[in-house]
Amino acid sequence: MFELFAQGISSLFTMTGMLCLLGGVFVGIIFGSVPGLSATMALALFLPITYALDPNMAVILLIALYIGGISGGLITAILTGIPGTPSSIATCFDGYPMTKRNQAFKALGVGVTFSFLGTIFSTIVLVFLSPVLAKIAIKFGAYEYFAVALFSLSMLVGLSGDNIWKGLISGLMGCMFATVGMDSIASVNRFTFGSEEIAYGFDVLPVLIGLFAINEIIAKADTVKAERQNAQVITAIRMEKGLGFSLKEFFGQTKNFIVSSSLGTGIGILPGIGGGAANVMAYTVSKSTSKYPEKYGTGIMDGIVASEASNNAAIGGALVPLLALGIPGDTVTAILLGGLTLHGIIPGPLMFTENVSTVYAIFSAMFFGAIVMFVMEFYGLRIFTKILAIPKHFLLPAIFLFCVIGAFGVRNNFFDVWATVLFGVIGFSFYKLSIPAAPFILGFIIGPLAELNLRRGLMFSRGDFTEFFKAPIAVTFFILTALVIVFAVRNQLKKKQSIK
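- Per an unreviewed UniProt entry, the chain goes by Tat pathway signal protein and derives from Caviibacterium pharyngocola.

And the structure:
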């Protein structure tokens, strides 16, 4: 293991590797700290840049963007009471009250420190748990892969929010668009309507940029238009020694940190939930188990520790099923899955034998990305607060231009630009109709995997579907799929009864 880590670190400590790491964390923090932008948009926007990079450099850049994007949300959450990302919602509850009491530096110090520790905690879990899962999954064949893909698709209910039917519509549309182009088995064109450009199908990059970046731009332009930015940004932070809190206060948060980080990592491992739910759940657990729950919401560091430790711990947790099973844990890892497949790297059990260097490049990027994030956020507070003041009616057109350039660069044709616009319109329609976009991406990426292995399995069994139920691992995932659906339906029925 140490030799493999040395290989991962050696690829990281090159000129290109360090530029990807430092630049990725910096840009990720900016995207995370600006309300309306996100880690999701950062990864979608920078995917085209990875085309020109070595696969290891590409994953270092994407991981750095991920870490910076999730952690960056604490800056606006604490300074303005506006969460930069959904993962920092609970940080507002105690962070902003501390700012109003002129304790912004202490709040930021707590947030940055426990964001760093939460990331390190989940990375350790990632390093030791994902290879174990991969060793089990190495025995997978067509039957097992179909069962896993079906289980992944059942996670649509977890990404669907309050309305399962809208999530299913989104997921099925993703599966539908994934069938456009040449059939991978029969080598015949499907749903191309005689167009040679569509015969190659829709590339994952225009889909991601359209659904997440273009959609966000249209949505923000629709709501913000040319109005001025919130003027509550704090630009004068009272500097204090160290990180603003004492060692006694730090060690007093040990139990809170361990519980919140464990909860965040566990929630991250469960596909379809992510840091947005992790920070709120950890905050709730921390408050309910505290000796002084009445102080939560008034400005205490306990609430910031719970929120920031859990949402950053969800990063490593979400990467566990992605690397070991090829199942994205949340929207960001769905984009990361797309980024890896662009370089011919298929996440899953074989990744630990065929792309070992890439796996340990990811592990190394997680460790050192957390360190870089800590240093940048601590020493760059004044810079980030100035960036928050950029009016969105200047920022959004510039982002749109980068999206168009990135889409064109996929295959150097305008079809991908129009495809990006198409999926942007679809994404905005989803936004207006309250249909989640994440199931679409899951369906678009996992749908072809399910179809391919179903057909392969039926070819092996000569059309006998009962053979799928003779594989123990496949049966296990079929049962898990059924349980997910049953529990989801039961929860929906309970919600309807409570409304009545």
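After presenting the structure, the write-up continues.
**Brief notes about the overall build of the chain**
So, point 1. Scanning the chain from terminus to terminus reveals 22 helices and two strands.
So, point 2. For the chain, buried positions account for 55% of its 500 residues.
So, point 3. Contacts in the chain between residues at least 24 apart in sequence constitute 79% of all its contacts with a sequence separation of at least 6.
So, point 4. By element, 69% of the accessible surface of the chain is carried by carbon and sulfur atoms, the whole surface being about 21500 Å².

**Points about the packing of aromatic side chains**
So, point 1. According to the stated counting rule, one finds 27 aromatic pairs in the structure shown.
So, point 2. Geometrically, the ring pair formed by phenylalanine 13 and phenylalanine 368 is edge-to-face, given 5.1 Å between the ring centres and 90° between the ring planes. Residue phenylalanine 13 is found in the loop between α1 (2–12) and α2 (15–33), and its partner phenylalanine 368 is found in helix α17 (residues 356–379); the two are separated by 355 residues along the sequence.
So, point 3. Counting every residue linked through ring pairs, the aromatic cluster contains Tyr143, Phe146, Phe465, Phe468, Phe469 and Phe478.
So, point 4. A cation sits over an aromatic face here: lysine 295 above tyrosine 292, 5.1 Å from the ring centre.

**Observations concerning the nonpolar core**
So, point 1. Residues Phe202 and Phe423 are the most contacted members of the largest nonpolar core, which totals 119 residues.
So, point 2. No other element matches helix α4 (residues 55–79), which puts 16 residues into this core.
So, point 3. The residues touching phenylalanine 423, leaving out its near neighbours within four places in the chain, are Phe177, Phe202, Pro206, Val207, Gly210, Leu211 and Phe440.

**Observations concerning unusual backbone geometry**
So, point 1. Phi at serine 434 is positive, roughly 60°, even though this residue is not glycine.
So, point 2. For serine 434, the position within the fold is in the loop between α20 (414–432) and α21 (438–460).
So, point 3. With relative accessibility at 54%, the residue serine 434 sits in the exposed group.
So, point 4. A positive phi angle, close to 60°, is found at arginine 462, a residue other than glycine.
So, point 5. If you trace the backbone, arginine 462 turns up in the loop between α21 and α22 (472–499).
So, point 6. Relative accessible area serves as the criterion here: at 81%, arginine 462 is assigned to the exposed category.

**What to know about the packing of α2 against α4**
So, point 1. Interhelical geometry of α2 versus α4 gives an angle of 30° and a closest axis separation of 6 Å. Taken together, the axes of α2 and α4 lie roughly parallel to each other. In this structure, α2 crosses over α4, and the sense of that crossing is right-handed. Of α4, the residues touching α2 (which contributes Thr16, Gly17, Cys20, Leu21, Gly24, Val25, Val27, Gly28, Ile29, Gly32 and Ser33) are Met57, Ile60, Leu61, Ala64, Leu65, Gly68, Gly69, Gly72, Gly73, Ile75 and Thr76.

**Quick look at the packing of α4 against helix α15 (residues 331–342)**
So, point 1. Contact geometry for α4 and α15: axes closest at 11 Å, N-to-C directions at 170°. When the axes of α4 and α15 are compared, the pair comes out roughly antiparallel. Across the interface between the two elements, Val59, Leu62, Ile63 and Tyr66 of α4 pack against Val332, Thr333, Leu336, Gly339 and Leu340 of α15.

**Some points on the pattern of salt bridges**
So, point 1. Per the stated rule, a full pass over the model turns up four salt bridges.
So, point 2. Across the salt bridge formed by glutamate 249 and lysine 106, the nearest N and O atoms sit 2.8 Å from each other. Of the two residues, glutamate 249 is situated in helix α11 (residues 247–251) and lysine 106 in helix α6 (residues 104–137); the sequence distance between them amounts to 143 residues.
So, point 3. Judged by relative accessible area, glutamate 249 falls into the partly exposed class, the value being 28%.
So, point 4. A relative accessible area of 15% means that lysine 106 is categorised as buried.
So, point 5. One salt bridge connects arginine 190 with glutamate 451, and the closest N-O pair in it is separated by 2.7 Å. Placement of the pair is arginine 190 in strand β2 (residues 189–190) and glutamate 451 in helix α21, with a sequence separation of 261 residues.
So, point 6. Among the charged side chains, a network of salt bridges with common partners joins Arg190, Glu451 and Arg455.

Reading the values: the criteria
Residues numbered from 1 in each chain as written. Predicted model: local features only at pLDDT ≥ 70, side-chain atom pairs only at ≥ 80, totals over all residues. Heavy atoms only, no water. Helix = DSSP H or I, 4+ residues; strand = E, 2+ residues; numbered from the N terminus. Buried < 20%, exposed > 50% of the residue type's maximum accessible area, 1.4 Å probe, protein only. Contact = heavy atoms within 4.5 Å. Areas by Shrake-Rupley, 256 points an atom, 1.4 Å probe, with all protein chains shown as cover. Phe/Tyr/Trp six-rings, centres within 6.5 Å; stacked < 30°, edge-to-face > 60°. Lys NZ or Arg CZ within 6 Å of the ring centre and 35° of its normal. Core = buried A, V, L, I, M, F, W, Y, C linked by side-chain atoms within 4.5 Å. Axes fitted to C-alpha atoms, helices over the stretch in contact; angles between N-to-C directions. Parallel < 35°, antiparallel > 145°, perpendicular 65-115°, else oblique. Left-handed = near helix turned anticlockwise from the far one by under 90°. Salt bridge = Lys/Arg side-chain N within 4 Å of Asp/Glu carboxyl O.

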